[in-house]
Amino acid sequence: MTAFDRVWLDAHLCTMTGDGLGVIEDGAIAAKDGRIAWVGRRADLPSAALVTTRCGGAWVLPGLVDCHTHIVFAGNRAPEFEMRLNGASYEEIAKAGGGILSTVRATRDATEHELVAAALPRLHALLAEGVTTIEVKSGYGLDLATEARMLRVARRLGAARHVAVATTCLAAHAVPPEYAGRRADFARVVADEIIPAIAAEGLADAVDVFTDTAIGFTADETSWVFEAARQAGLPVKLHADQLRDDGGAALAARHGALSADHIEYAGAEGIAAMARAGTVGVLLPGAFYFIRETHRPDIAAMRAAGLRMALATDLNPGSSPALSLLLMLNMGCTLFRLTVAEALRGITVNAAAALGMADRGVLAPGLRCDLSLFDVSRPAELCYWIGRNPCRGRVVAGEDA
Ligand code: DI6
Ligand code: FE
């Protein structure tokens, strides 16, 4: 009898254990029942397995995690992209009833089947690069029926493909047209009706709010929604300090949020509060780039505070139509000056932490055997290329995917 179901050999590993990449050159990984059973130097591998896979010198990382996406939506916003190229700002478009609300109209009109069909090609693009877990937010319904439909679609994506899907209810993403001028009333509906109903159906794994003093929800309104999440037993996340410093980072920390996302404008105090609370900072360079933001997140303050930093696509039709997590590595390094280790930890161990998933993101015994294999000469190559996909395979829970 063999101790392992399967081993992978002829591989170099980025285990993500410790503070850096946790590199093991000429390593081996063994799996049993979908979990990692052993990781180490190939020369130390204790026993054989029924199945041996030779990786041809590939670099193996924990399965990549895209911890912030809005992948489920109908239509696209290429027309607004053109408007912006002709001078209109993201905020002006949002205030004029465009922006998020144009995607809300299209998404409300779409069937569950149409939403699945629209999302699948986007999902395929992410999976082709080695992603094995994604987070999917609602937030283009802004009414119970459509928010629930979006989350059902997200669950179906997870059931249909070899990918784990974590769902997040972002009903407090924008104020729907029927509540124009009554933002607080809508926040009450989200807290009192939408979150409890979504939770009762088991459709959400977390709750998110877009907090912003000009176009989002206030700190008070955010607290109502988070209180509803707490009562439903759901962890919270926050779109924070994307367009100005609204105190979003500190607000997220006060609520013990899993993550605060964007945080371009978060100040050193808010960042330190996040680090103390264990709130992960999710950096979204695709949105920074696409809306031509120039205020960079304060990476020096994040390092000084020991903040865990993640990187994600923010895949959405308005501010980040980005279908590549590997491109975010490059952008995180070039635009935000992340190191290679910070960027790669940002799409593995820290991205898993941003989802509250302690069972993945690291190559270590006992964790899920989710692997991404890459034909590169060294890990830095993953951050270096623009538009090259060196992924040679994915393993999800011990199975080729
Ligand atoms: N911030 C973002 O970057 C996305 N949502 C948010 O709150 C943009 C969503 C969109 O414009 O459709
Ligand atoms: Fe987002």
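Everything below is about the structure shown above.
Structural notes, computed from the coordinates. (Residues numbered from 1 in each chain as written. Chains lettered and ligands numbered in written order. Predicted model: local features only at pLDDT ≥ 70, side-chain atom pairs only at ≥ 80, totals over all residues. Heavy atoms only, no water.)

### Some remarks on the overall build of the protein chain
In terms of regular secondary structure, the protein chain is built from 15 helices and 15 strands. The C-alpha radius of gyration of the protein chain comes to 21 Å, within 12% of the 21 Å expected for a compact globule of 401 residues. Structurally, the protein chain occupies a C-alpha span of about 65 × 40 × 40 Å along its principal axes. In the protein chain, once contacts between residues fewer than 6 apart in sequence are set aside, the share between residues at least 24 apart is 71%. Surface exposure of the protein chain reaches about 15,100 Å², of which carbon and sulfur atoms provide 53%. Separation of charge centres in the protein chain, based on 38 positive and 46 negative side chains, amounts to 3 Å. (Helix = DSSP H or I, 4+ residues; strand = E, 2+ residues; numbered from the N terminus. Rg over C-alpha atoms; globule rule 2.2 N^0.38 Å. Contact = heavy atoms within 4.5 Å. Areas by Shrake-Rupley, 256 points an atom, 1.4 Å probe, with all protein chains shown as cover. Lys, Arg positive; Asp, Glu negative; His and termini not counted. Charge placed at Lys NZ, Arg CZ, Asp CG, Glu CD.)

### What to know about the packing of helix α4 (residues 112–128) against helix α5 (residues 144–160)
Their axes nearest at 10 Å, the elements α4 and α5 cross at an angle of 50 degrees. Comparing the axis directions of α4 and α5 gives the class oblique. The handedness of the crossing between α4 and α5 is right-handed. In contact with Glu112, Leu115, Val116, Ala119, Leu120 and Leu123 of α4, α5 contributes Arg149, Arg152, Val153, Arg156 and Leu157. Within the contact of α4 with α5, the residues separate by chemical class into seven nonpolar, no polar and four charged. (Axes fitted to C-alpha atoms, helices over the stretch in contact; angles between N-to-C directions. Parallel < 35°, antiparallel > 145°, perpendicular 65-115°, else oblique. Left-handed = near helix turned anticlockwise from the far one by under 90°. Nonpolar A, V, L, I, M, F, W, Y, C, P; charged D, E, K, R; others polar.)

### A word on the sheet that holds strand β7 (residues 164–172)
One open sheet accounts for eight strands, arranged β5-β6-β7-β8-β9-β10-β11-β12; its pairing is parallel. On the outer flanks of this sheet lie β5 (64–66) and β12 (309–311), each paired with one strand and no other. Within the sheet, the average angular offset between the axes of one strand and its neighbour, ignoring direction, is 25 degrees. Note that β7 and strand β8 (residues 206–210) share three bridges and pair parallel. From the neighbouring strand, Cys169 faces β8, where its bridge partner is Val207. Relative to β8, helix α7 (residues 219–232) is tilted by about 175 degrees, and along the sheet it contacts β7, β8 and β9 (236–240). (Pairing = 2+ DSSP bridges.)

### Topic: the coordination of the iron ion (ligand 2)
Every protein donor of the iron ion (ligand 2) is listed here as His68 (NE2), His70 (NE2), His239 (NE2) and Asp314 (OD), and their distances to the metal cover 2.1 to 2.3 Å. If you look at the iron ion (ligand 2), its four donor atoms make angles of 80 to 165 degrees with each other, and the shape they trace is irregular. We note that the donor set of the iron ion (ligand 2) lies within a single chain, spaced as H-x1-H-x168-H-x74-D. With His68 in the loop between β5 and α1 (78–85) and Asp314 in the loop between β12 and α12 (325–336), this residue pair connects regions lying 246 residues apart in the sequence. As far as burial versus exposure is concerned, His68 and Asp314 are alike and both buried. (Donors = N, O, S within 2.8 Å, 3.2 Å for Na, K, Ca; no water. Tetrahedral: all angles 85-135°; square planar, octahedral: opposite > 155°, others 65-115°. Buried < 20%, exposed > 50% of the residue type's maximum accessible area, 1.4 Å probe, protein only.)

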